[in-house]
Amino acid sequence: MPTIQLPDGTTKDFPAGSTALDVANSISERLMQQTIAAEVDGKTVDSMRPLEELSESDPIPLRLFTTRDDEALGVLRHSCAHVMARAVMRLYDGVGLAFGPTTGNGFYYDFDLATPISEEDFPKIEAEMQAIIKEAEPFERFNLSRDEAVKLVDDLDQELKTEHIQTGLAEHDSLSFYRQGEFVDLCRGPHIPHAGKIKAFKLLSIAGSYWKGDANNKHLQRLYGTAFFDKKQMKAYLEQVEEAKRRDHRVLGKQHGLFTLSNDVGSGLCLWLPKGATVRALLEDFIKQELLKRGYEPVYSPHVGRVELYETSGHFPYYRESQFPPLFGHPAGQLVDYWKTQLGEGTINDDAESDFLAAAKDIGCPFDDYPFAKPADEKIAYLKAWEKHQERYLLKPMNCPHHVQMYKAIPRSYRDLPVRLAEFGTVYRHEQSGELNGMLRVRGLTQDDAHLFCTPDQVEQEFKDTLDLVKFVLASVGLEDYRVQLSLREPGSDKYTGSDELWDQAESTLRRVLTESGLPFSTAEGEAAFYGPKADFMVSDAIGREWQLGTVQLDYNLPERFDLEYVGDDNTTHRPVMIHRAPFGSMERFVGMLIEHFAAAFPLWLAPEQVRILGLNDDMLPYCEEIQKEFRTAGFRTTIDHQSANVKKKIRDAQLDLIPYMVVAGPKDKDQNGLSLRDRLEGDLGFMPTADAIAKLVEERDTRQIRQVIQSDFKGFQGGDEEANSY
RNA sequence: GCUGCCGUAGCUCAGUGGUAGAGCGCGUCCUUGGUAAGGACGAGGUCGUGGGUUCAAGUCCCACCGGCAGCUCCA
């Protein structure tokens, strides 16, 4: 007879075999109706399984998940994925099932299917799903031994499931399945009690994918959908998706002349047009001012560096795949580089080697004493010795090695620390072509970068100050809603550099400062950089989407690799600690995100064009110019609309151009030495003296007021981690 | 990088084998007006690039370049 403990601490005995639904029913029938799943010992479980099967604890701690809980929504969606798979199997022959997990916004299922599915097939599939839901059949769980499980999926002709049991699940002795009518699927669960709980669902898109995410594996068709407990929530979600499409920075960036991409310049190489450049320059100026106040020093570094520099830092050849190829001073450079790689991989033969030497000789490198008969590593050493005298440059993939050289340029005493070197540093990364996305993912980007070199004792204060800076700059553009992800090392893993002691110290420092800061944060084990733990800012935008922007990283690795030192108060040398930090991340990504956040309607302080002056007729042009002069003197970016059109047309154009303020100037305004002001949000504000209008705008600009953002009440959009329900 | 789809005027798009179209924008002229589109006329395209098929290619085929969606990746 199990004893159940509810979250409020009360305990109660139930007959053997009682389920979470029985417990809910004992409280009220209504609660039972709303119960979707349960939590036992911190794990989400089926509401229809006997509780004593689920826990050894006494009493058993139980929490009921109802339609109001996010956990329940995940369970619902996963069950809906099963319903979708069942519908697809009814409609098509020879459907192979792969995985069908939930995502932050819905679910998908991967199918191995000869017939291509297209969006035109969605109504058909949705109708079949609706029929299944109407039947409201229960989800029934059963366990099988490995052998029985293999036999079952074999009988069902599910080759992928067979493979998965034999490889991915090799360590499981017993495997769970769920049956719903004729549909049986290998699945960890949990599920909703019956299909009737799905009150709103929709298929969203079809896409290609690969078995287990590997491009060498079988190609699959992935069908995406979403589900909710009621139609209203789903409608809100779908509207949010539409709103996101309307805010696409690639469309708005083109429409408003913010940035452009050119085939001839190259993929992922963003061209900042005057208006976009204005926004960026304002943000950069703003940050520069702030950094000066906080003790940072500006530096500049070139866009290339010798390959040796990145060999020392450890980024070359490790990240070679995502770097632009090296620039070689000698024509044989590339040849030698290639040959070295071949030697390293052991994919060579004598003929190829002779060809290589002949080719090298042709372009001026006889290599007379090449160690022909020696092992590959001696040959590599020989070629490396040659390379050492050659020029080999890399477009810089990060700024740290350059800043490190600046630190090393002069001897440092503990009295000089912390040293804070800041630069808008442009770096180049050869991202895969399929990854490029407008300004959000590019190949040339400018980080609002800085490196802090400090003593171990100073780390805590510096980290605290950095958090404070990030909070301040985000608030200045109206981004107040964010959380921090603290990325820690994976315990027991050997892929990190630095002693356990340093890591423990670094991680506990970050954790302590984050806790004291009051910022919401979550931890992610195994997500740390190889050189140290980091704190990433996950920022929510106006319509509730989350973006990873700024980052703060502790680094014990580069100081070691570059042998950085300072002289301590004990007159011996010590190793400084480095902090990498970029509040915006990159200017490209940040401005791209801001375009979507504001839907290109930038607040007054950031608007490329702040005030547009509209004359009532052409006779007013001289007066418009007088007004413009006064606004310009006050530091505003303004233009005069010279169209020979009526004021309605000029206002419409200015509204569509998202200009924060319009000045309408007619004879009546001129007579009274003033203007009529129009706010893009409020409309006509009526007549006011020019000085008053300017004072009003100066106030709004200098306090960096944010007036136009719609704050969404839809939370969790694009949020949340993927949940792997399918084992 | 992989799979699929796409590439026509500055922008958004129509045009499926027989001499290139619309709307918006742009230019000129008329209009001179009070808070989201006044009117007329006009300029503008070797249809992404290179091959091929055909009497004939924007249209069909191939390759390349670029874009989009998804996958994979992101120091």
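Before reading further, recall that the structure is shown in the block above.
Residues numbered from 1 in each chain as written. Chains lettered and ligands numbered in written order. Predicted model: local features only at pLDDT ≥ 70, side-chain atom pairs only at ≥ 80, totals over all residues. Heavy atoms only, no water.

S.K.: Describe the environment of Ser508, and please don't skip the residues or the numbers.
M.R.: With respect to the secondary-structure elements, Ser508 resides in helix 17 (residues 500-517). Sequence-wise, Ser508 and Glu460 are 48 residues apart; in three dimensions their C-alpha atoms are separated by 9.9 Å. A distance of 3.1 Å separates the side chain of Ser508 from the backbone oxygen of Gln505, its partner in a polar contact. (Helix = DSSP H or I, 4+ residues; strand = E, 2+ residues; numbered from the N terminus. Polar contact = N/O pair within 3.5 Å; in protein donor to acceptor, adjacent residues only side chain to side chain.)

S.K.: Give me the lowdown on the protein's contact with RNA strand B, citing residues and values where you can.
M.R.: Among the 47 residues in the neighbourhood of RNA strand B, the closest are listed as Tyr210, Glu435, Leu616, Ser644 and Arg652. Backbone atoms, meaning sugar plus phosphate, form 46% of the atoms of RNA strand B positioned within 4 Å of the protein. Between RNA strand B and the protein, one listed contact pairs a sugar or linking oxygen with a side-chain N or O atom of His219 at 3.3 Å. Counting residues per element, the ones that place at least two in the surface near RNA strand B are strand 11 (200-210), strand 12 (219-228), helix 9 (249-255), helix 21 (647-656), helix 22 (667-671) and strand 31 (674-679). When residues of the surface near RNA strand B are assigned to their parent elements, the largest contribution, 7 residues, is made by helix 21. Of the residues contributing to the surface near RNA strand B, the split by class is 15 nonpolar, 18 polar and 14 charged. (Near = heavy atom within 4 Å. Nonpolar A, V, L, I, M, F, W, Y, C, P; charged D, E, K, R; others polar.)

S.K.: Give a detailed account of the pattern of salt bridges, specifying residues and quantitative values.
M.R.: Any two side chains of opposite charge can pair if their charged atoms end up close together. Enumeration over the complete set of coordinates arrives at 52 salt bridges. Across the salt bridge formed by Asp541 and Arg545, the nearest N and O atoms sit 2.9 Å from each other. Accessibility assignment for this pair places Asp541 and Arg545 in one class, buried. Put simply, Glu609 and Arg612 hold a salt bridge, and the shortest N to O gap is 2.9 Å. Overall, Glu609 belongs to the buried group, its relative accessible area being 10%. In this structure Arg612 comes out as buried when scored by relative accessible area, which is 10%. Where salt bridges share partners, they join Arg86, Arg90, Glu128, Glu135, Glu137 and Glu182 into one cluster. (Salt bridge = Lys/Arg side-chain N within 4 Å of Asp/Glu carboxyl O. Buried < 20%, exposed > 50% of the residue type's maximum accessible area, 1.4 Å probe, protein only.)

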